[in-house]
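Observations on the model geometry
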Amino acid sequence: MGLGAENLEIGFDGKTAAVSVAGIVETQADKEKILLCCGNVKGVESVEDNITVTNVDSHAQFHTVVSGDTLSKIAKKFYGNDYMKIFEVNKPMLSHPDKIYPGQMLRIPA
């Protein structure tokens, strides 16, 4: 996905459907994107976060997509009409603003 991380280690426990992620990233946004990449996979029930952030910034919120959601509708709920802001922070998990699906977890920037 092109996300920068040092010493990135990802494990999967098939019995519990849990992913464990460890490593070092520069920003909170990078951490959140990595966690979303790991969690937005069919068959994954949970993600254990063991990632260290070197430059702590503001925390984003998260939104689980439900049937009928659009990025525009989600943006209005959180802060206005700028759905492209949500799209940009969720790249590379999102390839197009119209391609979201129920159950998908999206990062909502602070």
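Since this is a predicted model, take the numbers as computed values, not measurements.

1. Some points on the pattern of salt bridges
Between side chains of opposite charge, a pair can form as their charged atoms come close. Evaluation of the coordinates by the stated rule reveals three salt bridges. The salt bridge partner of Lys31 is Asp49, with a shortest N-O separation of 2.9 Å. Here the residue Lys31 occupies a position in helix H1 (residues 28–39), and Asp49 occupies one in strand E3 (residues 46–55), the gap between them amounting to 18 residues. For Asp49, a relative accessible area of 33% corresponds to the partly exposed category. With a shortest N-O distance of 2.1 Å, Arg107 and Glu32 are connected by a salt bridge. Remark: Glu32 occurs in helix H1 and Arg107 occurs in strand E5 (residues 105–108); sequence separation between them is 75 residues. Just as Arg107 is buried, Glu32 falls in that class too.

2. Focus: the sheet that holds strand E1 (residues 6–13)
Within the open sheet, the three strands sit side by side as E1-E2-E3. Their pairing is mixed. Unpaired on one side and paired on the other, E1 and E3 mark the two borders of the sheet. Strand-to-strand twist in this sheet, taken as the mean axis angle between neighbours without regard to direction, amounts to 15°. Note that E1 and strand E2 (residues 18–27) share six bridges and pair antiparallel. Paired with Phe12 across the two strands is Val19, which belongs to E2.

The rules behind each value
Residues numbered from 1 in each chain as written. Predicted model: local features only at pLDDT ≥ 70, side-chain atom pairs only at ≥ 80, totals over all residues. Heavy atoms only, no water. Salt bridge = Lys/Arg side-chain N within 4 Å of Asp/Glu carboxyl O. Helix = DSSP H or I, 4+ residues; strand = E, 2+ residues; numbered from the N terminus. Buried < 20%, exposed > 50% of the residue type's maximum accessible area, 1.4 Å probe, protein only. Pairing = 2+ DSSP bridges. Axes fitted to C-alpha atoms, helices over the stretch in contact; angles between N-to-C directions.

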